[in-house]
Amino acid sequence: MTEPVFQRLAVIGCGLIGGSIALAARERGAAASIAVAARKADTLERARQRGFAETYTHDAAEAVADADCVIICVPVGATGEVAAAIGPALKPGAIVSDAGSVKASVIALARPHLPETVHFIPAHPVAGTEQSGPDAAFAELFDGRWCIFTPEGDVDADALAKLTAFWERLGASVETMDAAHHDLVLAITSHVPHLIAYNIVSTANDLQTVTRSEVMKFAAGGFRDFTRIAASDPTMWRDVFLHNREAVLEMLGRFSEDLTALQRAIRWSDGDALFDLFTKTRAIRRGIIDAGQEADLPDFGRPHGAGD
Ligand code: NAP
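Residues numbered from 1 in each chain as written. Predicted model: local features only at pLDDT ≥ 70, side-chain atom pairs only at ≥ 80, totals over all residues. Heavy atoms only, no water.

Now for the state of the cysteines. Across all of its chains, the model carries 0 disulfides by this definition. Distance from the sulfur of Cys14, which forms no disulfide, to the nearest cysteine sulfur (Cys73) is 9.1 Å. Taking relative accessible area as the criterion, Cys14 reaches 2% and is therefore assigned buried. Not part of a disulfide, Cys147 finds its nearest cysteine sulfur in Cys73, a span of 10 Å. (Disulfide = S-S within 2.5 Å. Buried < 20%, exposed > 50% of the residue type's maximum accessible area, 1.4 Å probe, protein only.)

Before going further, it helps to spend a moment on the packing of aromatic side chains. What the rule picks out here adds up to 4 aromatic pairs. An angle of 90 degrees between the planes, with centres 5.0 Å apart, marks the rings of Phe142 and Trp167 as edge-to-face. Note that Phe142 is positioned in the loop between strand S7 (123-126) and strand S8 (146-149) and Trp167 in helix H6 (residues 157-169), a separation of 25 residues in sequence. Both residues of the pair, Phe142 and Trp167, count as buried. Measuring from centroid to centroid gives 6.0 Å for Phe166 and Trp167, while their planes differ by 85 degrees, and the two rings are edge-to-face. Exposure remark for Phe166: the relative accessible area of 0% places this residue in the buried category. By way of ring pairs, the aromatic residues Phe6, Phe142, Phe166 and Trp167 are connected into one cluster. (Phe/Tyr/Trp six-rings, centres within 6.5 Å; stacked < 30°, edge-to-face > 60°. Helix = DSSP H or I, 4+ residues; strand = E, 2+ residues; numbered from the N terminus.)

For the structure on display, the rule yields 17 salt bridges. The partner of Arg26 in a salt bridge is Glu54, and the shortest N-O contact between them spans 2.7 Å. Of the two residues, Arg26 is situated in helix H1 (residues 16-27) and Glu54 in the loop between helix H2 (41-49) and strand S3 (55-57); the sequence distance between them amounts to 28 residues. The exposure class assigned to Arg26 is partly exposed, which follows from its relative accessible area of 36%. (Salt bridge = Lys/Arg side-chain N within 4 Å of Asp/Glu carboxyl O.)

Quick look at the site of the ligand now. Near the ligand lie 27 residues; those nearest to it are Lys40, Thr43, Val74, Ser101 and Gly133. At 2.8 Å from an oxygen atom of the ligand is found a main-chain nitrogen or oxygen belonging to Ile17. Residue Thr43 places a side-chain N or O atom 2.6 Å away from an oxygen atom belonging to the ligand. Contact with the protein chains hides 88% of the accessible area of the ligand, taken as 900 Å² for the molecule alone. Going through the elements one at a time, H1, helix H4 (79-86) and S7 are the ones with two or more residues in the shell around the ligand. Tallied by class, the residues present in the shell around the ligand amount to 14 nonpolar, 10 polar and 3 charged. (Near = heavy atom within 4 Å. Polar contact = N/O pair within 3.5 Å; in protein donor to acceptor, adjacent residues only side chain to side chain. Areas by Shrake-Rupley, 256 points an atom, 1.4 Å probe, with all protein chains shown as cover. Nonpolar A, V, L, I, M, F, W, Y, C, P; charged D, E, K, R; others polar.)

Structural data, given as structure tokens:
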């Protein structure tokens, strides 16, 4: 049996991401013992029933007291509050990390509350589903996915190596980049696509000329793929847009310009422009499949039986 990477891991917040980290760390022997903290009684009870950890508490400071690694897994907007609660209880030499989908803001919110004696390594596992809460967690979530670290300049090399080994044990590959760059990359690969999905589902819902039952009935025409993304957790995504405002607005500006160009191509019946663009985008999906980030199955592998 391989040695655990950490003797004691504390996971603060045990929804989809925190729960999956705890389950994967247990299953893969990445931590000798795990403590989880949650706010709500229901959340903690479900975490206990699903066997996330050895220790369960409502008190985040109690969870981190002996931990050599702490991972904050709460909505980005709650990061400062959690960092303030755990700051005084952190063990000198502990690694403090997180899972937030926005990085510059997490650093600004957490940094002032963390003592100089800990190693702060902000991180973002680029893995998830549209579901949330402890029931959505599963140990395989990070298999074959990326975890992006956004450390500040002076971080301890041993701490970085240990956190890398931890995420690799959970099945992920680690990439390191600057927090501002992360936020720009994720704005176009994740945040703007979510905004588009939220918007198209909301627009369809508001239409008077198409009945709601028709929207449901003919959803297989592409709409339902947007509804999956638009079913994502409202608290988490509100915080993503409030905390990655500049990068999202920058990418939205470019998106709007490109959309106007497409609108123009349709208006002027410019079939070549449409064909060229659709050919390019098809190649991008092929690239994602070739990079192992998507299965090569038609219609996301949905069953198409008789009568479908
Ligand atoms: P989630 O399933 O909704 O879980 C969030 C957890 O945070 C719950 O345990 C909740 O506890 C706790 N929490 C909520 N508000 C809190 C507050 N004000 N103070 C303390 N705890 C609070 O969310 P998630 O999907 O795991 O997301 C967690 C983090 O991972 C977010 O920062 C998100 O940006 C990031 N992330 C998400 C995904 C994704 O696809 N979902 C992917 C990568 C990264 P209670 O139930 O007790 O309130």
